[in-house]
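Chain by chain, the residues:
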Amino acid sequence: AALEQLEQGSQSDAAAETLLLLALAQQTQGQGETAIATYQDALAAVRRSGFRPQEIEILYLLGGAYAAQGQQAPALAAQQAAATLIRPSGNRLYFVGILGQIAQLQAQLGDETAALAAYDEAVAVAASLPDTEQLTLVLFNLAGYQLELGQPEPALATFQRSLRAAEQGNNAPMIALN
């Protein structure tokens, strides 16, 4: 019975991986709605196997596919589900990327408070990473959002903080952006 369960789990993992690759190809080919359906199938397959890291990846990519189709609410739901799963894992690098996506989606949905809260959390997590690349990027995006909100003084301070973070790390391309 254990061997049968193991074989079924391996089949689910292989099916999920195959579906994930198919969805990525579909998205690359501009087949957004088809890619979303395939990501959902991959998500169902991975949930049968219980392999959390792949579930997080699929949710993240599914959120990106929804966002590319202009469907911010389901994109946000997928990113929030990914964040919930990754938070306890301690994978701060991937977590900060998900938080950045959440912040941008909240901003697009017009929820300034939630967007700023997500940016604040992303900044805190990024600041805890040994490399400053993510911190530079999150601060840069936050400063852009502050400009959109009509807050030039905080935006300038945030841009300057982004530049300092870039100068502290090996982030030459980001320095050029600032």
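Residues numbered from 1 in each chain as written. Predicted model: local features only at pLDDT ≥ 70, side-chain atom pairs only at ≥ 80, totals over all residues. Heavy atoms only, no water.

Glancing now at the overall build of the protein chain. Looking only at helices and strands, the protein chain features nine helices and zero strands. For the protein chain, the succession of helices and strands along the chain, N to C, is α-α-α-α-α-α-α-α-α. In the protein chain, which comprises 178 residues, the share counted as buried stands at 37%. The contacts in the protein chain between residues at least 6 apart in sequence include a share of 50% that link residues at least 24 apart. Of the accessible surface of the protein chain, which amounts to about 9300 Å², a share of 54% is contributed by carbon and sulfur atoms. (Helix = DSSP H or I, 4+ residues; strand = E, 2+ residues; numbered from the N terminus. Buried < 20%, exposed > 50% of the residue type's maximum accessible area, 1.4 Å probe, protein only. Contact = heavy atoms within 4.5 Å. Areas by Shrake-Rupley, 256 points an atom, 1.4 Å probe, with all protein chains shown as cover.)

Tyr39, Ile58, Leu62, Val96 and Ile98 are the most contacted members of the largest nonpolar core, which has 44 residues in total. Listing elements by their share of this core, those giving two or more residues are helix 1 (2-28), helix 2 (32-49), helix 3 (52-68), helix 4 (72-86), helix 5 (92-108), helix 6 (112-127) and helix 7 (133-148). Contacts of Val96, omitting those with residues within four sequence positions, involve Ala122, Val125, Ala126, Leu129, Gln134 and Val138. (Core = buried A, V, L, I, M, F, W, Y, C linked by side-chain atoms within 4.5 Å.)

Axis separation between helix 6 and helix 7 bottoms out at 8 Å; the angle between their running directions is 160°. Relative to helix 7, the element helix 6 lies roughly antiparallel. Here helix 6 runs over helix 7; the crossing is left-handed. On the side of helix 6, the interface is formed by Glu112, Ala115, Leu116, Tyr119, Ala122, Val123, Ala126 and Ala127, while helix 7 contributes Gln134, Leu135, Val138, Leu139, Asn141, Leu142 and Tyr145. Considered class by class, the residues forming the contact of helix 6 with helix 7 number 12 nonpolar, two polar and one charged. (Axes fitted to C-alpha atoms, helices over the stretch in contact; angles between N-to-C directions. Parallel < 35°, antiparallel > 145°, perpendicular 65-115°, else oblique. Left-handed = near helix turned anticlockwise from the far one by under 90°. Nonpolar A, V, L, I, M, F, W, Y, C, P; charged D, E, K, R; others polar.)

Here we come to the packing of helix 5 against helix 7. Helix 7 packs onto helix 5 with a crossing angle of 5° between their chain directions and a minimal axis gap of 11 Å. One finds that helix 5 runs roughly parallel with respect to helix 7. Facing Leu93, Val96, Gln104 and Ala107 of helix 5, the residues of helix 7 in contact are Gln134, Val138, Asn141 and Tyr145. For the contact of helix 5 with helix 7, the residue count by class is five nonpolar, three polar and no charged.

In this section: the layout of surface pockets. The space that makes up the largest pocket amounts to roughly 150 Å³. Every residue along the wall of the largest pocket is listed here: Tyr60, Leu93, Val96, Gly97, Gly100, Gln101, Gln104, Gln134, Leu137, Val138 and Asn141. Those elements that place two or more of their residues in the lining of the largest pocket are helix 5 and helix 7. Among the elements that line the lining of the largest pocket, the one with the most residues is helix 5, at six residues. Grouping the constituent residues of the lining of the largest pocket by class yields five nonpolar, six polar and no charged. (1 Å grid on protein atoms, 1.4 Å probe; cavity = no way out; pocket = protein on both sides within 12 Å on 5 of 7 lines; lining within 4 Å. Points joined across faces, edges and corners; volume = space filled by probe spheres on them.)

What follows covers the confidence of the model for the protein chain. Of the residues in the protein chain, 88% reach a pLDDT of 70 or more, and the chain-wide mean stands at 89. Note that pLDDT drops below 50 for residues 1-9; the model gives that stretch one contact with residues more than four away or on any other chain. (pLDDT = per-residue confidence, 0-100.)

This next bit is on the pattern of salt bridges. Scanning the model with the defined rule gives two salt bridges in all. The partner of Glu55 in a salt bridge is Arg47, with the nearest N and O atoms 2.7 Å apart. For Glu55, a relative accessible area of 6% translates into the label buried. Across the pair Arg87 and Glu121 runs a salt bridge, and its minimum N-O distance is 2.6 Å. One end of the pair, Arg87, is in the loop between helix 4 and helix 5; the other, Glu121, is in helix 6, with 34 residues separating them in the sequence. Note on Arg87: relative accessible area 46%, which makes it partly exposed. (Salt bridge = Lys/Arg side-chain N within 4 Å of Asp/Glu carboxyl O.)

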